[in-house]
Amino acid sequence: MRYINFHSHTIPEDITETTVIISCVAPEPLQECVDGMWLSYGVHPWYTHGHDIKMLLKSVEKAAADDRVLAIGEAGIDKVRGPAPGLQEEIFCQQVGISEKVKKPLIIHSVKSNNEILRLRKNMSPLQPWILHGYSGNPQEMGQLIDAGFYLSFGPKIFYLNKKVSESLKEMPADRFFLETDHTNKTITSLYLKAAEIRGISEEELKEIIDRNFKTIFE
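Residues numbered from 1 in each chain as written. Predicted model: local features only at pLDDT ≥ 70, side-chain atom pairs only at ≥ 80, totals over all residues. Heavy atoms only, no water.

As for the overall build of the chain
In plain terms, the rule: Helix and strand assignments follow DSSP, with helices taken as H or I runs no shorter than four residues and strands as E runs no shorter than two, numbered in order from the N terminus. The quantity called the radius of gyration is restricted to C-alpha atoms. Its globule counterpart is 2.2 Å times the number of residues to the power 0.38. In this scheme, a residue with accessible area under 20% of its type's maximum is buried, one over 50% is exposed, and one in between is partly exposed, where area comes from a 1.4 Å probe on protein chains only. What makes two residues a contact is simply this: any of their non-hydrogen atoms within 4.5 Å. Accessibility throughout is a Shrake-Rupley quantity obtained with a 1.4 Å probe, and a residue counts as covered only by protein chains that appear here. Positive charges come from Lys and Arg alone, negative charges from Asp and Glu alone, with His and the N- and C-terminal ends not counted. Note on charges: their place is set at NZ of Lys, CZ of Arg, CG of Asp or CD of Glu.
If you tally the helices and strands in the chain, you get seven helices and eight strands. The C-alpha atoms of the chain give 16 Å as radius of gyration, which agrees with the globular expectation for 219 residues (17 Å, within 12%). A principal-axis box enclosing the C-alpha atoms of the chain has dimensions of 45 × 40 × 30 Å. Buried positions account for 52% of the 219 residues belonging to the chain. Restricting to contacts in the chain with at least 6 residues of sequence separation, those with at least 24 account for 63%. Here the chain displays about 10,500 Å² of accessible surface, and carbon together with sulfur accounts for 51% of that area. Separation of charge centres in the chain, based on 25 positive and 30 negative side chains, amounts to 5 Å.

What follows is the structure, given as structure tokens:
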């Protein structure tokens, strides 16, 4: 059974053993894909300056129709970096609309904005899965997100001395989480080993869980 790297910015060296979703940012062209490699495509809140927003969104609409693109995003709201919050929210909502139109999940970038993302989900009632990537919050916040229907993807912060992230991963419902390397040099195999240790299960059992979750939202 293959490892699944839910969100990365680089093609892994162990691509023969890994299924990976590479994050592409509008307006860059879609990458060619080898076996086991898929793409997400979206307007990232960090990379809007100097661009025509309507053209960026048109790029997402075009890419969304491509079979290589499994998901829309990473779309999101970032209170630390990016344009004005109102504009970020508008761009995010436009991408929700694209996700719903093409019936593909939405991968979300959220920095200090989980309350806003929660509010938007409740107001918009999307039918497509929303996956919050790089989750780093505590179990209480995790519970609120799970109750609202989110999936969460955990990255390299599970290695750090960050008790709240480890507790969140340990307490996650088995049918609602993924693992990712994001933009770091960590390997997905090392993430699986650490996550299995945190959850107190075998690596094979963890593989089965994440494989099942992947099939649930993409098949």
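Structural notes on the pattern of salt bridges
For the record, the criterion: One side-chain nitrogen of Lys or Arg within 4 Å of one carboxyl oxygen of Asp or Glu is enough to make a salt bridge.
Within this structure, the stated rule accounts for seven salt bridges. Residue Asp-66 pairs with Arg-68 through a salt bridge whose shortest N-O separation is 2.9 Å. A salt bridge links Lys-163 to Glu-167, with the shortest nitrogen-to-oxygen separation between them at 3.8 Å. Of this pair, Lys-163 and Glu-167 both sit in helix α5 (residues 163-171), four residues apart, roughly one helical turn. For Glu-167, a relative accessible area of 31% puts it in the partly exposed group. Sharing partners across several salt bridges, the network here consists of Glu-32, Asp-66 and Arg-68.

Comments concerning the sheet that holds strand β5 (residues 106-111)
Applied cut-off: Strands are treated as partners if at least two bridges between them are detected by DSSP. For helices, the fitted axis covers only the stretch in contact; all axes are lines through C-alpha atoms, and the angles between them, taken along N-to-C directions, range from 0 to 180 degrees.
The eight strands are arranged β1-β2-β3-β4-β5-β6-β7-β8 in an open sheet whose pairing can be described as parallel. Each edge of the open sheet carries a strand with a single partner, namely β1 (3-8) and β8 (177-179). With direction set aside, neighbouring strand axes in the sheet form an average angle of 25°.

Comments concerning the packing of aromatic side chains
Rule in force here: Ring pairs are drawn from Phe, Tyr and Trp, using the six-membered ring of Trp, whenever the two centres fall within 6.5 Å, and their geometry is named by plane angle: stacked under 30 degrees, edge-to-face over 60, tilted for the rest. Our definition puts a charge over a ring when NZ of Lys or CZ of Arg is within 6 Å of the ring centre and also within 35 degrees of the ring normal.
Enumeration according to the criterion identifies nine aromatic pairs in this entry. Ring centres 5.5 Å apart and planes at 90° place the aromatic pair Phe-92 and Trp-130 in the edge-to-face group. Taken as a pair, Phe-92 in helix α2 (residues 85-102) and Trp-130 in strand β6 (residues 130-132) lie far apart in primary sequence, 38 residues in all. Side by side, Phe-92 and Trp-130 carry an identical accessibility label, which is buried. Summarising the aromatic geometry, the rings of Phe-214 and Phe-218 are spaced 4.7 Å apart at their centres and angled 55° between planes, so their arrangement reads as tilted. Taken together, the positions of Phe-214 and Phe-218, both in helix α7 (residues 203-218) and four residues apart, correspond to about one turn of that helix. The residues Phe-214 and Phe-218 share a single accessibility class, namely buried. In this structure an aromatic cluster arises from ring pairing among Phe-6, Tyr-151, Phe-178, Phe-214 and Phe-218. Lying over the aromatic face of Phe-159, Lys-186 brings its terminal NZ or CZ to 4.6 Å of the ring centre.

Section: unusual backbone geometry
Residue Pro-27 is reached from Ala-26 by a cis peptide bond, and omega for that bond is 10°. Of note, the amide linkage connecting Gly-73 to Glu-74 takes the cis form, showing an omega dihedral of 20°. Residue placement: Glu-74 occurs in strand β4 (residues 69-78). Look at Lys-112: it is not a glycine, yet its phi comes out positive at around 55°. Looking at where Lys-112 falls in the secondary structure, it is placed in the loop between β5 and α3 (114-124).

Describing the nonpolar core
What tends to happen in soluble globular proteins is that the nonpolar side chains get buried as a cluster. Filter applied, for reference: What we call a nonpolar core is a set of buried Ala, Val, Leu, Ile, Met, Phe, Trp, Tyr and Cys residues that are connected through their side-chain atoms within 4.5 Å.
The biggest cluster of nonpolar side chains holds 65 residues, and the ones touching the most others in it are Phe-6, Phe-92, Phe-150, Leu-152 and Phe-154. With near-sequence residues (within four places) excluded, Phe-154 lies in contact with Tyr-135, Val-165, Ser-168, Leu-169, Met-172, Phe-177, Phe-178, Leu-179 and Glu-180.

Let's talk about α2
The following threshold applies: In a helix, the anticipated span is given by 1.5 Å times the number of residues less one. Within this analysis, the arc is defined by the directions that extend from the helix axis to the C-beta atoms.
For α2, which comprises 18 residues, the first-to-last C-alpha distance of 26 Å matches the rise-based estimate of 26 Å (1.5 Å per residue) to within 8%. Turning to α2, its buried residues number three or more, namely Gln-88, Ile-91, Phe-92, Gln-95, Val-96, Ile-98 and Ser-99. For α2, the arc enclosing every buried residue in end-on projection is 160°, short of the 170-degree limit, so these residues lie on one face. Among the exposed residues of α2, those pointing more than 90 degrees away from its buried face are Gly-86 and Lys-101. Tucked inside the fold, the buried residues of α2 contact β3 (37-42), α1 (53-64), β4, β5, α3 and β6. Looking one or two residues beyond α2, the residue adopting positive phi is Lys-103, at roughly 60°.

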